[in-house]
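Each chain is listed here by its residues.
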Amino acid sequence: MQTIKLKLKEEITSGNAKIPIEADSLTPDKIFGKSEAEIKAVKVWWGNREENTGDLFDMSVEGEAASVEEVKIVMEGDLSRVKHIGDGMKAGEIEANGDVDMHCGAMMQGGRVTVKGNADCWAGREMHGGELIIEGDAGDNLCAMYRGEMTGMTGGKVTVGGNAGECVGQYMAGGEILIKGNTNILTGLNMKGGKITIEGDAIMPGADMTGGEITVKGKVLDMIPSFKSDGTESIEGVEYKKYLGDLAMTEKKAKGVLYVR
Amino acid sequence: MAEGELLIRNGVVYDPINGVNGEKKDISIRDGKVVEEVMNPKVIDAEGRVVMPGGVDIHSHIAGAKVNVGRLFRPEDGRKGREAKTKVCRAQSGYSVPNTFATGYRYAKMGYTFVMEAAMPPLAARHTHEEMVDIPILDNAAMPLIDNNWMTMEYVKSGDTDLLAAYIAWMIKATKGYGVKVVNPGGTEAWAWGKNCDINDAVPYFDVTPAEIIKGLAEATEKFEMPHSIHVHGNMLGHPGNFETTLATYDLVKGIKPYRDRPAMHATHTQFHSYGGTRWGDFESKAGAIADYVNKNEHLSIDIGSIILGDTTTMTADGPMEYSLYQITGRKWTNHDVELETGSGITPFLYSGKSPVNTVQWAIGQELALLIKDPWKLALTTDHPNAGPFIGYPIIISMLMSKKRREESAEDMHSVIYDRAELPSIDREYDLNEIAIITRGMAAKTLGLHEHGKGHLGVGADGDVAIYDISPEERDAGKIQKAFLNTKYTIKGGEVVVKDGEVVATPAGRTIFVTPECDDKLTEEMMVKLKDKFDHYYSVTFNNYPVQDAYLPNPYEIKAPWRS
């Protein structure tokens, strides 16, 4: 097991502008096999400049890794302007100790990212596989598609300990999302497949959905009227009303399932 | 234009306009122009590589209102092809709707130095010119849409060809345009009533037919010594069975005597107009019938509009066609009405080799190129980005040059290719001279630009040269495709702009425009009617309408006198 600690230097984010960093080059699969000096030389975008990792982060390495699965990156310091943590990651583990900026775990294919704080918008965007755990709240467009695309998350598992923002899982086609708190409007917008579970409340879930499954364990506010009732079903001993929709997408395409208490 | 001297040695030159077919020949350039010889030149050793004049694209949508709307409403396309700025290049983005910089760099990398923006809505002429100025390296020009225009239709109705000529002269001057573009004549106007027109249907309210509009505009164009004929996107584009409309369109200009030795009509993206069948279920290729007509007649030229498989953004002034396409795909769609001039629509489209219809379309573009015997009658295009982005030209070149490549590709397509298309049975393979004709020579001649230095390497021509990294003997389709995508050198006006597939300099290109010269008396008479249109219908005033000279920082004027 190898643990690579990357602590963002205080002076990097102490300025008024708080210039963002894009950390997609710092994933276990891209770093595996590199020496300490080589990791320090990995290029990272800081605003419009490419900098060496070693110039932005204080680094320490403990242990050895025989495979990429044994690599764990622990990120510390003020990460609130660090974007793209775990973006495109294939294997290994990243732990971010604090709030992170946008696109955390976007396009992820494997491995695990744990955020011990809140994640800003677009976390898990177009995720294909792996696991993303956000212990705090998630921003808007969690596991959605990028603007204009027609496919969001296709695989993997995402857990949010707190609340999530708007359009969770937009155009989602596969994978699983669990939100322990509430979600803002339009969860599962244009959803085509996969599964979203909301333990709290949701507003207008399932609009324009043509496939997949949404379960709301709390209250549904502003239920979309274009869903038709399809009896009841028991999930984990609790009775849920089952709805099919969204009929606004024509009856033929309305293959989405919405469970509401 | 670069000052100084340049000598390209040991190249194998294909310069079809001057009858040079694969000759070992040196090319001398002084102060941006080809000359007999040079004294103290910088020397480029081509080392036996293929050398051609700079490419000339006769039909592409690279600048203006609809291209920009395409970029705006397809952020997912802008995501592709991103490249950070370098010391030489600005930031690039986009695939089917690349930004202006990427457009210039990518064309230059393929060895092209002139591109015609094929559809400029007159009201959006300023926007079009602003973008053309923003496209590095390339020389360009744009053709205003004049066919669905109320003035045009009223003059066609009343039969005043001279006044129509006065109007198109004013319009080409006002928009700093190059020639007359026709797009679904009458049909785009009918779309304002939610309808479309076939060639002999009456246009609602105006009571003229598309056939009359095309004929009227062809006659009016030939009143001047215009370098280019009318440039026609006919009616019923993209509809099964439209080949009959296409042939009827070709027949319209048969009796018209063009100014000088060029056709009276250029029929564009013919692939979209060569469809048989009655519906999508029995859709089939009629490229054979179209090619047969083109082989037997001399009064028209075409460009193929060949399909590039994959995702693209369709955009045209043919509003009703875009709506039909949107109804098939259910993807996003946008539509625009350009006051009393024209309209437009945009929708994304995926050409898939698994689709029987797309497979037949894919075959048709190549069939046209292979079945039309005289390469001087056709140009290579993809109607960028409608049938696919221009960056796919090298794929088409490699297909035309290799039957083996076509056979391999056909195996990956839907099996209808073997019974609803002719392509698998065609043996012809293009040689490099024929490729040079359809990618530069023919386009330059048809546009009349060969007299202004484009598309050839004779003495006095522009010093625009493409050196491709293949020997003339190369037969490997993959290597041919690679070579035509990234030149060894592209030279523009005597300056090396691309070296080893990298852009090394980005000089500004020129905007070429035509000034038709019309009799003052006719113009005065036409102006009464035109000013009335501005007073009653236009959202801009007459005086604010014409594009000012400031929009063309590097202008090149071609005068078109009245034919006596």
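Residues numbered from 1 in each chain as written. Chains lettered and ligands numbered in written order. Predicted model: local features only at pLDDT ≥ 70, side-chain atom pairs only at ≥ 80, totals over all residues. Heavy atoms only, no water.

Caption draft 1: Quick look at the overall build of chain A. The number of helices and strands found in chain A is three helices and 19 strands. Overall, chain A is about 60 × 40 × 30 Å in size when its C-alpha atoms are taken along their principal axes. Within the span of chain A, comprising 261 residues, buried residues form 51% of the whole. The contacts of chain A with a sequence gap of at least 6 include a subset with a gap of at least 24, amounting to 34%. Total accessible area on chain A is roughly 11,000 Å²; 45% of this is exposed by carbon and sulfur atoms. Side-chain charges of chain A comprise 30 positive and 42 negative groups, with the mean position of each set lying 3 Å from the other. (Helix = DSSP H or I, 4+ residues; strand = E, 2+ residues; numbered from the N terminus. Buried < 20%, exposed > 50% of the residue type's maximum accessible area, 1.4 Å probe, protein only. Contact = heavy atoms within 4.5 Å. Areas by Shrake-Rupley, 256 points an atom, 1.4 Å probe, with all protein chains shown as cover. Lys, Arg positive; Asp, Glu negative; His and termini not counted. Charge placed at Lys NZ, Arg CZ, Asp CG, Glu CD.)

Caption draft 2: Quick look at the overall build of chain B. Of the regular secondary structure elements, chain B holds 17 helices and 24 strands. In terms of overall size, chain B behaves like a compact globule, its C-alpha atoms giving a radius of gyration of 22 Å where 564 residues would be expected to give roughly 24 Å. Reported as C-alpha extents along the three principal axes, the dimensions of chain B are approximately 65 × 55 × 45 Å. Relative to its full complement of 564 residues, chain B shows a buried share of 65%. A sequence separation of at least 24 residues applies to 77% of the contacts in chain B between residues at least 6 apart. Carbon and sulfur atoms make up 48% of the accessible area of chain B, which amounts to about 20,000 Å² in all. (Rg over C-alpha atoms; globule rule 2.2 N^0.38 Å.)

Caption draft 3: Representation of the environment of Asp-55 of chain A. All names here are of chain A. Mapped onto the fold, Asp-55 is located in helix α3 (residues 53-56). You can call Asp-55 partly exposed: its relative accessible area is 42%. C-alpha separation for the pair Asp-55 and Ala-41, spaced 14 residues apart in sequence, amounts to 8.6 Å. If we ignore the near neighbours within four places in the chain, the residues touching Asp-55 are Lys-9 and Ile-12.

Caption draft 4: Local environment of the interface of chain A and chain B. Contacts between the two partners involve eight residues from chain A and, on the opposite side, five residues from chain B. A salt bridge links Glu-149 of chain A to Arg-79 of chain B; the nearest nitrogen and oxygen atoms lie 3.0 Å apart. (Salt bridge = Lys/Arg side-chain N within 4 Å of Asp/Glu carboxyl O.)

Caption draft 5: Quick look at the environment of Ala-505 of chain B. Along the polypeptide, Ala-505 of chain B turns up in the loop between β22 (502-503) and β23 (511-516). Through-space distance from the C-alpha of Ala-505 of chain B to that of Pro-394 of chain B is 23 Å; in sequence the pair is 111 residues apart.

Caption draft 6: Structural view of the pattern of salt bridges. Residue and element names in this part refer to chain B. Per the stated rule, a full pass over the model turns up 46 salt bridges over all chains. Note that Glu-76 and Arg-74 form a salt bridge whose closest N and O atoms lie 3.0 Å from each other. Owing to a relative accessible area of 5%, Glu-76 belongs among the buried residues under this scheme. Looking at Arg-74, the relative accessible area reads 1%, which means it is buried. Notably, a salt bridge pairs Lys-286 with Glu-284, separated by 4.0 Å at the nearest N-O pair. Using a relative accessible area of 26% as the deciding quantity, one classes Lys-286 as partly exposed. Each of Lys-33, Asp-139, Lys-454, Asp-462, Asp-464, Lys-492 and Arg-510 takes part in a single network of salt bridges with overlapping partners.

Caption draft 7: Looking closely at the sheet that holds strand β7 (residues 82-83) of chain A. Residue and element names in this part refer to chain A. Here four strands make up an open sheet; going across it, the order is β4-β3-β2-β7 and the pairing mixed. Single-partner strands in this sheet number two, and they are β4 (49-52) and β7. Here strand β3 (residues 43-46) runs beside β4; their pairing, made up of four bridges, is antiparallel. When the sheet's bridge partners are listed, Trp-45 is paired in β4 with Glu-50. (Pairing = 2+ DSSP bridges.)

Caption draft 8: Representation of the packing of aromatic side chains. Residues and elements named next belong to chain B. With the rule as written, the count across this model stands at 26 aromatic pairs over all chains. Geometrically, the ring pair formed by Tyr-112 and Tyr-393 is tilted, given 5.7 Å between the ring centres and 55° between the ring planes. With Tyr-112 in strand β7 (residues 112-120) and Tyr-393 in helix α13 (residues 393-401), the pair connects residues that are 281 residues apart, well separated along the chain. Ring geometry for Tyr-250 against Tyr-293: centres 5.5 Å apart, planes inclined by 55°, an arrangement best described as tilted. Here Tyr-293 lies in helix α10 (residues 287-296) and Tyr-250 lies in helix α9 (residues 243-251), a separation of 43 residues in the sequence. Relative accessible area serves as the criterion here: at 12%, Tyr-293 is assigned to the buried category. Of the aromatic side chains, those joined through ring pairs into one cluster are Tyr-167, Trp-170, Phe-534, Tyr-538, Phe-542 and Tyr-545. The ring of Trp-376 carries the charged tip of Lys-445 above its face, separated from the ring centre by 5.0 Å. Directly above the ring of Phe-542 sits Lys-531, whose terminal nitrogen or CZ lies 4.9 Å from the centroid. (Phe/Tyr/Trp six-rings, centres within 6.5 Å; stacked < 30°, edge-to-face > 60°. Lys NZ or Arg CZ within 6 Å of the ring centre and 35° of its normal.)

Caption draft 9: Summary view of the nonpolar core. Among the nonpolar cores identified, the biggest contains 147 residues, and Trp-170, Tyr-178, Tyr-250 and Met-526 of chain B are the most heavily contacted of them. Among the elements that make up this core, the one with the highest residue count is helix α6 (residues 161-174) of chain B (eleven residues). (Core = buried A, V, L, I, M, F, W, Y, C linked by side-chain atoms within 4.5 Å.)

Caption draft 10: Up close: α10 of chain B. Residue and element names in this part refer to chain B. Along α10, the residues classified as buried are Ala-287, Ile-290, Ala-291, Tyr-293 and Val-294. Taken end-on, α10 shows its buried residues confined to a sector of 160°, consistent with a single buried face. Elements that come into contact with the buried residues of α10 comprise α9, β13 (284-285), β14 (300-303) and α12 (356-371). (Arc of directions from axis to C-beta.)

Caption draft 11: Representation of the sheet that holds strand β9 (residues 181-183) of chain B. All names here are of chain B. The strand order across the open sheet formed by five strands is β9-β10-β11-β14-β18, and the pairing between neighbours is parallel. In this open sheet, the two edge strands, each paired with only one partner strand, are β9 and β18 (378-379). One ladder, built from three bridges, connects strand β10 (residues 230-233) with strand β11 (residues 265-267); its direction is parallel. Residue Val-232 lies in a different strand from β11, and its bridge partner there is Ala-267.

Caption draft 12: Highlighting the pairing of strand β5 (residues 50-53) of chain B. All names here are of chain B. Here β5 shows no split at all, with Val-50 and Met-52 on one side and Val-51 and Pro-53 on the other all buried. As judged from the four bridges shared by β5 and strand β19 (residues 465-468), these two strands associate in the antiparallel manner. Looking across to β19, one finds that Val-50 is bridged to Tyr-468.

Caption draft 13: A look at unusual backbone geometry. With an omega dihedral of 0°, the bond running from Gly-245 of chain A to Asp-246 of chain A counts as a cis peptide bond. Considering the arrangement of structural elements, one finds Asp-246 of chain A in the loop between β18 (238-245) and β19 (256-260). Look at the link from His-384 of chain B to Pro-385 of chain B: it is a cis peptide, with omega at -5°. Topologically, Pro-385 of chain B is positioned in the loop between β18 and α13. We note that Asp-222 of chain A has phi near 55°; this positive angle belongs to a residue other than glycine. Assignment of secondary structure puts Asp-222 of chain A in the loop between β16 (220-221) and β17 (228-235). A relative accessible area of 55% places Asp-222 of chain A in the exposed class.

Caption draft 14: Molecular detail of the side chain of Lys-176 of chain B. Residues and elements named next belong to chain B. As for its placement among the helices and strands, Lys-176 is situated in the loop between α6 and β9. By relative accessible area, which is 12% here, Lys-176 ends up buried. Apart from residues no more than four positions distant in its own chain, Lys-176 is found in contact with Met-120, His-129, Phe-513, Val-547, Asp-549 and Leu-552.

Interpretation note: all reported values are geometric properties and have no functional meaning in isolation.
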